[in-house]
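# Structural features, examined
If you want the building blocks of each chain, they are given just below.
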Amino acid sequence: MNNIIDLLPKMIAGDDLTEALTIMPEYDKGICNQDKAIRLMALSDLYRVYLPSQMTIEIYSKLYLALIRSLKKKVTKTAVRQQNANRQAILRQGYNGIIGGSDSFTIIGTSGIGKSSAISRAVELITDNRIIETTEPYTKIIPCVIVQCPFDSSVKGLLLEILRKVDEHLETKYYENALRARATVDMMIGSVSQAALNHIGLLIVDEIQNVCNSKNGKSLVGMLTQLINNSGISICMVGTPESSYFFEQAMQLARRSLGLNYNTMKYDEYFRQFCEILFSYRYVQNESPLSDAVIEWLYEHSAGVISVVVSLVHDAQEIAILNGKEILNSETLNEAYRERLTHLHEFIQPAKSAKKYVKPGEKGIADKLPDNQDIIAEYTISELVSQAKKEKSDIVCLLKKYMPVEEVSI
């Protein structure tokens, strides 16, 4: 097992990593002339588009290195001693963490920004969707096991789910044996520790925010800590910002939650590029150029959440195909926002002041504002009015240039 690390795909970085993570479904412009039913079915390809961000690259590196640390512990003499201790613990229920913990960390981010998609893409690339098999001794190791934290933070429920996932990959009978024996939680911790030590590289627990509002929350995190110490595997906990408040309650929780933290996306070059790619997948018959105003509108009406942007573009095209307008523009996007995203209106508040994207080296109003160090600039209507007076230009035209303006007749 000394060459166990060599059985993993090599770690990649830079442009090669970006290219490997990217998913661009095949697209034929001729589909715009196809029947409505065909176009509506093909429209779902929008949900398959994946453009890796800096978050994806960081998650890939974090998971890969955590897996390496975990696998290295499996080839030590200490691992053999821990196996014996775990077997005895199942009977005596007296646990002894000989191998010691590898590490645990969190990936915390706003709902809808693509954490799960980033983790899924990273795991696919790291593991190449295969099981690691060694010959001396013969064993099978699942590089990454992904489970979901039970809604009630049930310790036994999570332990059973881990065993079920192992059985699903290796065709073993850990789950069946645990149910037949009516194992207690203490017995199951020993069984899961043994299964993890022998067959799991990295354990990813999604929806960890479920521990926040449950009386079993601290018990579940404590169980994961014990699992780390008794198996030596790395454990990644994934959740929303709500879980941060839970881990900040005590030192023993806080030290287990160090990791990556993400907020909603900034209005930057990546967001613009993502919108341009989405608009290139056109299934309506009439073509409409993607303007800066539309990109700004998408940012304001999605709060920088990528999943909402995809839903807006998808539903706008769906509506346009169904009602016969056959165009993707601000009108159909507004219709999609009003009719399809009603439940999100409370959480998405369009910005009170527009955000103008300024390319590096480009001069404009943004350059005249204080502390303009970023490519994103915020300005008010009063500043635009002052600029219009100075340049003796039409204020309405200037407002249209920098923010969405709707003219109505009185």
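What counts as what
Residues numbered from 1 in each chain as written. Predicted model: local features only at pLDDT ≥ 70, side-chain atom pairs only at ≥ 80, totals over all residues. Heavy atoms only, no water. Salt bridge = Lys/Arg side-chain N within 4 Å of Asp/Glu carboxyl O. Buried < 20%, exposed > 50% of the residue type's maximum accessible area, 1.4 Å probe, protein only. Helix = DSSP H or I, 4+ residues; strand = E, 2+ residues; numbered from the N terminus. Pairing = 2+ DSSP bridges. Axes fitted to C-alpha atoms, helices over the stretch in contact; angles between N-to-C directions. Contact = heavy atoms within 4.5 Å. Parallel < 35°, antiparallel > 145°, perpendicular 65-115°, else oblique. Nonpolar A, V, L, I, M, F, W, Y, C, P; charged D, E, K, R; others polar. Disulfide = S-S within 2.5 Å. pLDDT = per-residue confidence, 0-100. Core = buried A, V, L, I, M, F, W, Y, C linked by side-chain atoms within 4.5 Å. Left-handed = near helix turned anticlockwise from the far one by under 90°.

The next subject is the pattern of salt bridges. Across all of its chains, the model carries twelve salt bridges by this definition. Put simply, Arg48 and Asp45 hold a salt bridge, and the shortest N to O gap is 3.2 Å. For Arg48, a relative accessible area of 48% puts it in the partly exposed group. With its nearest N and O atoms 2.8 Å apart, the salt bridge here joins Lys325 to Glu331. Residue class for Lys325 comes out partly exposed when judged on its relative accessible area of 34%. Salt bridges here are not isolated pairs; linked through shared partners, they connect Glu161, Arg164 and Glu168.

We now examine unusual backbone geometry. The phi angle at Arg182 is positive, at roughly 50 degrees, despite the residue not being glycine. Turning to its location among the elements, Arg182 is positioned in the loop between α7 (174-180) and α8 (185-199). Arg182 gets classed as exposed once you look at its relative accessible area, which sits at 74%. Of note in this structure, Ala303 is not a glycine but carries a positive phi near 60 degrees. Topologically, Ala303 is positioned in the loop between α13 (292-300) and α14 (306-323). Judged by its relative accessible area of 29%, Ala303 is partly exposed.

Turning to the sheet that holds strand β6 (residues 259-262), a few remarks are in order. The strand order β2-β3-β4-β5-β1-β6 describes an open sheet built from six strands, whose pairing is mixed. Of all strands in the sheet, those bounded by a partner on one side alone are β2 (132-135) and β6. Here the strands of the sheet are splayed against their neighbours by 15 degrees on average, with no regard to which way each runs. The pairing of strand β1 (residues 103-109) with β6 spans four bridges and is classified as parallel. For Ile108, the partnering residue across the bridge sits in β6 and is Asn261. With respect to the sheet, helix α5 (residues 115-127) is in contact with β1, β3 (138-148), β4 (200-206) and β5 (234-239), its orientation differing from that of β3 by roughly 170 degrees.

Running from N to C, α14 and helix α15 (residues 330-340) cross one another at 105 degrees; their axes reach a closest spacing of 8 Å. Taken together, α14 and α15 sit at an angle that is classed as roughly perpendicular. In contact with Leu312, Val313, Asp315, Ala316, Glu318, Ile319, Ala320 and Asn323 of α14, α15 contributes Thr332, Leu333, Glu335, Ala336, Tyr337, Glu339 and Arg340. Its residues assigned to classes, the contact of α14 with α15 comprises eight nonpolar, two polar and five charged.

A few words on the state of the cysteines. All chains considered together, the criterion is met by zero disulfides. Free cysteine: Cys149, not disulfide-bonded; nearest cysteine sulfur from Cys212 at 9.1 Å. Assessed through its relative accessible area of 2%, Cys149 is described here as buried. Since its relative accessible area comes to 22%, Cys212 is described here as partly exposed.

Taking burial as the measure, the nine residues of α13 include seven buried ones, the bulk of the element. Along α13, the residues that are buried comprise Val294, Ile295, Glu296, Trp297, Leu298, Tyr299 and Glu300.

The next subject is the confidence of the model for the chain. Looking at the chain, the pLDDT average stands at 82 and 81% of residues meet or exceed 70. Residue range residues 351-358 is modelled with pLDDT below 50. Its contacts to residues more than four positions away, or to other chains, number 33 contacts. Confidence drops under pLDDT 50 across residues 363-378; counting only partners more than four residues distant or on other chains, this segment forms 31 contacts.

Here we take up the nonpolar core. Judged by nonpolar contacts, the single largest core of 40 residues is most densely connected at Phe271, Phe274, Leu298, Leu312 and Leu333. Listed by contribution, the elements that provide at least two residues to this core are α12 (269-280), α13, α14 and α15. With ten residues, the single largest contributor to this core is α14. Ignoring any residue separated from it by four or fewer positions in sequence, one finds Phe274 in contact with Leu51, Ile306, Val309 and Val310.

Moving on to the packing of helix α3 (residues 54-73) against α5. Viewed as axis vectors pointing N to C, α3 and α5 meet at an angle of 50 degrees, and their least axial separation amounts to 9 Å. Comparing the axis directions of α3 and α5 gives the class oblique. The handedness of the crossing between α3 and α5 is right-handed. Note on element contacts: α5 touches α3 through Lys115, Ala118, Ile119, Ala122, Val123, Leu125 and Ile126, opposite Met55, Thr56, Ile59, Tyr60, Leu63, Tyr64 and Leu67. Classifying every residue of the contact of α3 with α5 gives twelve nonpolar, one polar and one charged.

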